[in-house]
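One-letter residues, chain by chain:
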Amino acid sequence: MTKHIKITVNGTEHELDVEPRLLLVHLIRENLAMTGTHIGCDTTSCGACTILMDGKSVKSCTILAVQANGKNLTTIEGVSAENEYNHLQEGFKENHGLHCGFCTPGMILRATELLENNPDPTEEEIRWGISGNLCRCTGYNNIVKAIKYASAKNRGIEPASTEPEFV
Amino acid sequence: MIECKTSKAISGMGHSMKRKEDGRFLHGQGNYVDDIKLPDMLYMDIVRSPYAYAKIKNIDSTAALAIPGVLAVITGKDLEQYNLHWMPTLMSDTQMVLPTDTVMYQAQEVCAVIATSRYAARDGREAVKVSYEVMKPVIDPYKAMDASAPVLRTDKEGKKDNHIWHWEAGQKERTEKIFAEAEVVVKEQMHIPRIHVSSIETCGCVADYHKVNNQLNMYMTTQAPHAIRTVIALVAGHVGLTEEKIRVISPDIGGGFGGKVPVYPGYVIAIAASFLIGQPVKWIEDRSENLQADSFARDYHITAEMAGTKDGKILATRFKILADHGYTDASANPSKFPTGMFSIGTGSYDYDTSFMECDAVYTNKPPGGVAYRCSFRVTEAVHAIERITDRFSLEIGKDPADVRMQNFIKKEDFPWKSPMGWEYDSGDYHAGLKLAMDTVDYWGLRKKQAEMRKEGKLMGIGISTFTEIVGAGPSKDFDILGIKMFDSAEIRVHPTGKAIARFGTKSQGQGHETTYAQIIAEVLGIPAENIQVEEGDTDTAPYGLGTYASRSTPTAGAAAAVAARKLKDKARKIAAYLLEVSEEDLEWEPGKFFVKGAPEKVKTIQEIVFASYTNFPQGMEAGFEATHYYDPPNLTFPSGAYICVVEVDKETGAIDVKRFVAIDDCGNIINPMIVQGQVHGGLTQGIAPAMYEELIYDEDGNILNGTLMDYLVPTAVESPSWETGHTVTPSPHHPIGAKGVGESPTVGAPPAIANAIVDALSPYGITHMEIPITPFKVWKALKEKGVV
Ligand code: FES
Ligand code: FES
């Protein structure tokens, strides 16, 4: 038994027949072959699978593909052209906000909505804002810095220095 | 500021060059193992044991095989026909690939389902019916040592108990004498809990066997692709898979931290399945399987003792360990070191007597004993020495900072021989601690603490001044399964002056594509931007032992520098030939040779490389390539001084980390941005076991927190805003004076945090807290003392 669905991913419309139990993250990664969205757990705890659904950040491992019928999705592949960096991507690169890169797509999509709702967040708001996304490598300091950087750039302000600060 | 010898355009050592690998990760174009999709690829899922100890009575796969898409169910009996049901561990113990009769721990692999899709494989897994005869497991390692305990490893002929091995080192008699006569002796019992690296990417592979040419391509999450190739050949050579027919490819890795060093049964089953069916087989474990079955770290029960004088001189230490290895010793230590580098546990202090011993034991828990971002058991050692040093300070009523300053090995006493026989290469411990103390205003904080105590408020300051031991290792002592622990670099510079460099290591996020390029840029003056770094493909990279235990910079980084120096020697010869002068008349400036006193007579490295292909002296070998296998003369000894400040809420036990200052000394720094990033990440993996993480088992061997819902990996909220800094004491024997840094913070942070919390609670007679120190434990301890 399959169900017919229509979804828009990064501006392109797709029509597919899917098993009702298919997880959205598998639809994205396997049916649509966009592997930038990752899977890090089986309990909705890590956020590696975070995408935007109608502009809201969601964990695509906990949504059925059929629930995304008629929705507009953005994945990491859709946040900028391949040879360009949006402010968040640039912020992560300039501030060393990634090591292995596995959590990074989810972090960036989550931060996208965070800055949408709160263009100038404090450090504490950023930390709480990304607390549904785990990173095992970076210790978060530089992710916070990266999001601040993007926040400044979005608002047309010169971001803080990206040189590492040592005591 | 770090001094740089090269321009930013070249970006040699000392430049905070932005990472070359970031572009693909930031655009969702990384290539992790689960992103690999091959034609006709099948999927594997694993049926696991719900019991910690049971006999398998029957495996019924009828219902599973009836599911559309399910092709096969592979059991231990199937593998037995090919003698593939057992494999060696990296510690020369043995481990089941799949059981033929008994399961030894919960979540152990029982059989594997092969299907045409991920979902069908999972359906098949649910449909396999296994009946068990449940037995009473042995979970407590102390009980496992009892003479009356049932013998678990009945597969080992003549095995009469659960004891694995005994290790001891140091000066036993002298230690006992000092302890018997010392003015002050302190003792604490400490458990360094069983934890899990839980990298955000789990483990997995695609085994791709081609019958027609008897070739296995193995894409897998491994930190040590070459060593794994050799292990596969050892396990499967008898069925015709010999080493030249095996290509291991380690693609982008989503964090490793030690958990991706061992060979897990899943990899071997996937290879067997692909071998039998003749199609590629993908196996990706889910998070719960990862936490429940893959190698754990730590699980050392330590009795730590220190003897000293009333005025604070440390005289001797004694450590007695019980190591719970679970079902098999599946650690990943160098062969001669069953307790890894635990013997670094005499610490940063100048005394000459210590005795350490360890007994390892089997229990019905998952096997392992790998590192968790730590160089072979150094975290356990550092916790023991740094906690017991604080306990000693408390006992004699002296400030722990003063006791450390009093006992530190002096800068001028390096190289320094430790009582355990290590030769510490260099260090400046006084400078590190002083910088950390100045940064937090240590004595100001002590005053504030006294005032807060008067108001009944709990504030604590904790110090950890650790010495690490990394860069395994010199071939005279270090091997894994007999293979010496060198590492390698191969540099090829193309005619247009751009290069590719390949290594025997494998980055899992450490930034090798950038830092290795910077090392070569430093030596040759070719811009790091123009040096492509490649690792992880055993068909193309030179043999090496891989990336773990902070060994990449000390070994492969050194190999890169030495290989680049060989090329620089060649460049000098070509430049002399082109400029028609003798080699001695040439002077080097990053990126060019020029004639002494005539700077207009110059050849850039790019011109020289071009000439090595187009116009080289007669008799010289053409081209511009070099390889080096680096055998380190000694290990490197990074160090650090960490200070943590906490406030504890009396009513709830809640712990608030107010500040954490980490001063690291990892010798010369290749890329300050990356070093700092490594320190941040390591610190968060240090607070994790100190306050949050522990794998907990009940008495029946059930894991009580086997998912990320209840195994508490710190989020950005739990992780403090880290403050970092450094002192620079170059390694005298490393070609570029570097030491390695990735693991120092994970090693150094837990005792700083524990010491801070104990310091906060010490006015109530509390002398020790077991990590992870949770609010509940604090509240309970305060309640027992009648404080709340
Ligand atoms: S994969 Fe972990 S939250 Fe979705
Ligand atoms: S960068 Fe590795 S998990 Fe975040």
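Since this is a predicted model, take the numbers as computed values, not measurements.

Criteria and cut-off values
- Sequence positions are assigned chain by chain, starting from 1 and proceeding in written order.
- Here every chain gets a letter starting at A, and every ligand a number starting at 1, in the order they are written.
- The predicted origin of the model limits local features to residues at a pLDDT of at least 70 and limits the giving and counting of side-chain atom pairs to 80 or more, whereas totals for whole chains, interfaces and linings rest on all residues.
- In computing side-chain properties, one takes all heavy atoms of the structure into account and sets aside hydrogens as well as water.
- By this definition, two strands are paired if DSSP reports at least two bridges between them.
- Numbering of helices and strands starts at the N terminus; helices are DSSP runs of H or I of at least 4 residues and strands are runs of E of at least 2.
- Seen with the strands pointing away from the viewer, any crossover whose path from the first strand over the helix to the second strand runs clockwise is right-handed.
- Only protein chains enter the area calculation, which uses a 1.4 Å probe; residues under 20% of their type maximum are buried, those over 50% are exposed, and those in between are partly exposed.
- We call two residues in contact whenever any of their non-hydrogen atoms come within 4.5 Å of each other.
- Defined here as a combined quantity, buried area equals the accessible surface (1.4 Å probe) lost by two parts on assembly, summed across both.
- The salt bridge definition used is simple: a Lys or Arg side-chain nitrogen within 4 Å of an Asp or Glu carboxyl oxygen.
- Whenever a nitrogen or oxygen atom comes within 3.5 Å of another N or O atom, the pair is scored as a polar contact, on the condition that within protein one atom can donate a hydrogen and the other can accept it, and that pairs from neighbouring residues in sequence are kept only if both atoms are in side chains.
- Computed over the protein atoms alone on a 1 Å grid, cavities are sets of points where a 1.4 Å probe fits but cannot get out and pockets are open sets with protein on both sides within 12 Å along at least five of seven lines; a residue lines them when it has an atom within 4 Å of a point.
- Grid points are joined across faces, edges and corners, and a volume is the space filled by probe spheres set on the points.
- Classification used: nonpolar for Ala, Val, Leu, Ile, Met, Phe, Trp, Tyr, Cys and Pro, charged for Asp, Glu, Lys and Arg, polar for all others including Gly.
- Pairing of aromatic rings covers Phe, Tyr and the six-membered ring of Trp, with a centre-to-centre limit of 6.5 Å; geometry is then stacked below 30 degrees between planes, edge-to-face above 60, and tilted otherwise.
- For every domain, the bounds stem from an assignment made automatically or drawn from a database.
- In this text, buried Ala, Val, Leu, Ile, Met, Phe, Trp, Tyr and Cys residues form a nonpolar core when linked through side-chain atoms within 4.5 Å.
- Any helix carries an expected span of 1.5 Å times its number of residues minus one.

Can you explain the sheet that holds strand S6 (residues 102–103) of chain B? Please cite residues and give values.
Sheet strands line up and pair through hydrogen bonds in the backbone, either parallel or antiparallel. All names here are of chain B. With antiparallel pairing, three strands are arranged side by side in an open sheet as S6-S2-S8. Both outer strands of the open sheet, S6 and strand S8 (129–134), are each paired with one neighbouring strand and no more. Examined bridge by bridge, strand S2 (residues 54–60) and S8 share six bridges and lie antiparallel to one another. Looking across to S8, one finds that Lys55 is bridged to Glu133.

How would you sum up the pairing of strand S33 (residues 723–726) of chain B? Please name residues and give values.
Residue and element names in this part refer to chain B. Pairing of strand S32 (residues 655–665) with S33 involves four bridges; the strand directions are parallel. Pairing of Ile663 across the sheet is with Gly725, part of S33. Between the parallel pair S32 and S33, the chain is carried across by helix H17 (residues 672–692), and the sense of this crossover is right-handed.

Now, about unusual backbone geometry: what can you tell me, with residues and values included?
At the junction of Phe414(B) and Pro415(B), the peptide bond is cis and its omega measures out at -10 degrees in the coordinates. By the element assignment, Pro415(B) lies in the loop between helix H11 (400–407) and strand S19 (416–417). Geometrically, the link from Ile771(B) to Pro772(B) is a cis peptide bond, its omega value of -5 degrees lying close to zero. Turning to its location among the elements, Pro772(B) is positioned in the loop between helix H18 (744–761) and helix H19 (775–784). Phi at Asn10(A) is positive, roughly 50 degrees, even though this residue is not glycine. Among the secondary structure elements, Asn10(A) is positioned in the loop between strand S1 (3–9) and strand S2 (12–18). Overall, the relative accessible area of 26% leaves Asn10(A) in the partly exposed class. In this model, Arg373(B) sits at a positive phi of 50 degrees, which is unusual for a non-glycine residue.

Outline the interface of chain B and chain A, supporting the account with residue identities and numerical values.
Counting residues at the interface gives 67 residues for chain B and 57 residues for chain A. Buried area between chain B and chain A, summed over both chains or domains, comes out near 5100 Å², and the portion from carbon and sulfur atoms is 56%. Where chain B touches chain A, the interface holds five salt bridges. A salt bridge links Glu30(A) to Arg118(B); its shortest N-O distance comes to 2.4 Å. The interface formed by chain B and chain A contains 35 residue pairs in polar contact (both at pLDDT 80 or more). Breaking the side of chain B that touches chain A down by element, the ones donating at least two residues are helix H1 (22–26), helix H4 (118–127), helix H9 (287–293), H17 and S33 of chain B.

How would you sum up the side chain of Thr746(B)? Please name residues and give values.
All names here are of chain B. In this structure, Thr746 sits in helix H18. Within the local environment of Thr746, its side chain forms a polar contact with the backbone oxygen of Arg373, the two atoms lying 3.5 Å apart. Contact partners of Thr746, with chain neighbours within four places excluded, come to Arg298, Tyr372, Arg373, Thr379, Gly682, Gln685 and Gly686.

So what's going on with the layout of surface pockets? Which residues, and what values?
Left-over empty space is what a probe sized like a water molecule reveals as it rolls over the atoms. Of the volumes computed, that of the largest pocket is approximately 710 Å³. Along its surface, the largest pocket is lined by 38 residues, and His26(A), Ile39(A), Arg118(B), Arg122(B) and Asp286(B) are the ones closest to its centre. At the level of secondary structure, the elements contributing two or more residues to the lining of the largest pocket comprise helix H1 (24–31) of chain A together with strand S1 (42–48), H4, strand S14 (281–284) and H9 of chain B. The element best represented in the lining of the largest pocket is H4(B), accounting for five residues. Each residue belonging to the lining of the largest pocket can be placed in one class, and the counts come to 15 nonpolar, eight polar and 15 charged.

Could you give an account of the pattern of salt bridges, naming the residues involved and the relevant values?
Residue and element names in this part refer to chain B. One pass over the structure, following the stated rule, counts 59 salt bridges over all chains. Among the ionic pairs, Asp161 bridges to Lys159, the shortest N-O distance being 3.1 Å. When salt bridges that share partners are traced, they join Asp45, Arg48, Glu109, Arg122, Arg125, Glu126, Asp286 and Glu289 into one network.

Got a sec to walk through the packing of aromatic side chains? Specific residues and values, please.
Residues and elements named next belong to chain B. Applying the stated criterion to the full structure yields 26 aromatic pairs over all chains. Ring plane angle 5 degrees and centroid distance 5.9 Å describe the contact between Tyr349 and Phe408, whose orientation is recorded as stacked. One end of the pair, Tyr349, is in the loop between strand S16 (314–326) and strand S17 (354–362); the other, Phe408, is in the loop between H11 and S19, and 59 residues separate them in sequence. Each of the two residues, Tyr349 as well as Phe408, counts as buried. Ring centres 5.5 Å apart and planes at 85 degrees place the aromatic pair Phe414 and Tyr429 in the edge-to-face group. Of this pair, Phe414 sits in the loop between H11 and S19 while Tyr429 sits in helix H12 (residues 429–440), and the two are 15 residues apart along the sequence.

Got a sec to walk through the domain arrangement of chain B? Specific residues and values, please.
All names here are of chain B. Splitting chain B by domain gives domain 1 (22–30 + 487–630) and domain 2 (408–416 + 425–472 + 634–788). A straight line from the C-alpha centre of domain 1 to that of domain 2 covers 38 Å. Between domain 1 and domain 2, the residue contacts involve 19 residues of the former and 19 residues of the latter. Carbon and sulfur atoms supply 60% of the area buried between domain 1 and domain 2, which totals about 1400 Å² over both sides.

Account for the nonpolar core, naming residues and giving values.
All names here are of chain B. Met218, Trp422 and Phe660 are the most contacted members of the largest nonpolar core, which totals 166 residues. A total of 10 residues in this core trace back to one element, the largest contributor, which is H18. When residues are assigned to domains, this core turns out to be shared by domain 1 (22–30 + 487–630) and domain 2 (408–416 + 425–472 + 634–788), each giving three or more. Not counting chain neighbours up to four residues away, the residues in contact with Trp422 comprise Phe337, Met341, Ser343, Ile344, Trp416, Lys417, Ile469, Phe478, Leu635 and Phe637.

I'd like a description of empty space enclosed by the protein, backed by residues and values.
All names here are of chain B. Tallied over the full model, the rule gives 10 cavities of 30 Å³ or more. The wall of the largest cavity is formed by 34 residues, among which Gln510, His512, Gln678, Val741 and Gly742 lie closest to the centre. Secondary structure elements with two or more residues in the lining of the largest cavity: helix H14 (512–524), helix H15 (552–579) and H17. In terms of domain composition, the lining of the largest cavity takes at least three residues from each of domain 1 (22–30 + 487–630) and domain 2 (408–416 + 425–472 + 634–788).

Can you tell me about the domain arrangement of chain A, naming the residues and giving the values?
Residues and elements named next belong to chain A. If you check the domain split of chain A, you get domain 1 (3–78) and domain 2 (87–154). A C-alpha centroid distance of 21 Å is found between domain 1 and domain 2. Facing 18 residues of domain 1, the contacting portion of domain 2 comprises 12 residues. Of the roughly 1100 Å² buried between domain 1 and domain 2, counting both surfaces, carbon and sulfur atoms make up 61%. Counting the contacts that link domain 1 with domain 2 gives zero salt bridges. Linking domain 1 to domain 2 there are seven residue pairs in polar contact (both at pLDDT 80 or more). Contributing elements (two or more residues each) for the side of domain 1 that touches domain 2: strand S3 (50–53) and strand S4 (56–59).

Go over helix H3 (residues 104–117) of chain A, please, and point to the residues and values.
Residue and element names in this part refer to chain A. With 14 residues, H3 should reach 20 Å at 1.5 Å per residue; the first-to-last C-alpha distance of 20 Å fits that figure. Counted residue by residue, H3 has 11 buried out of 14 residues, so it is predominantly covered. What H3 keeps buried is the set Thr104, Pro105, Gly106, Met107, Ile108, Leu109, Arg110, Ala111, Glu113, Leu114 and Leu115.

Talk me through H1(A); I want residue IDs and the actual numbers.
For H1(A), the buried fraction is high: seven of the eight residues fall into the buried class. Taken together, the buried residues of H1(A) touch S1, S2, S3 and strand S5 (72–74) of chain A together with S1 and H4 of chain B. Just downstream of H1(A) lies Ala33(A), where phi reads positive at about 55 degrees.

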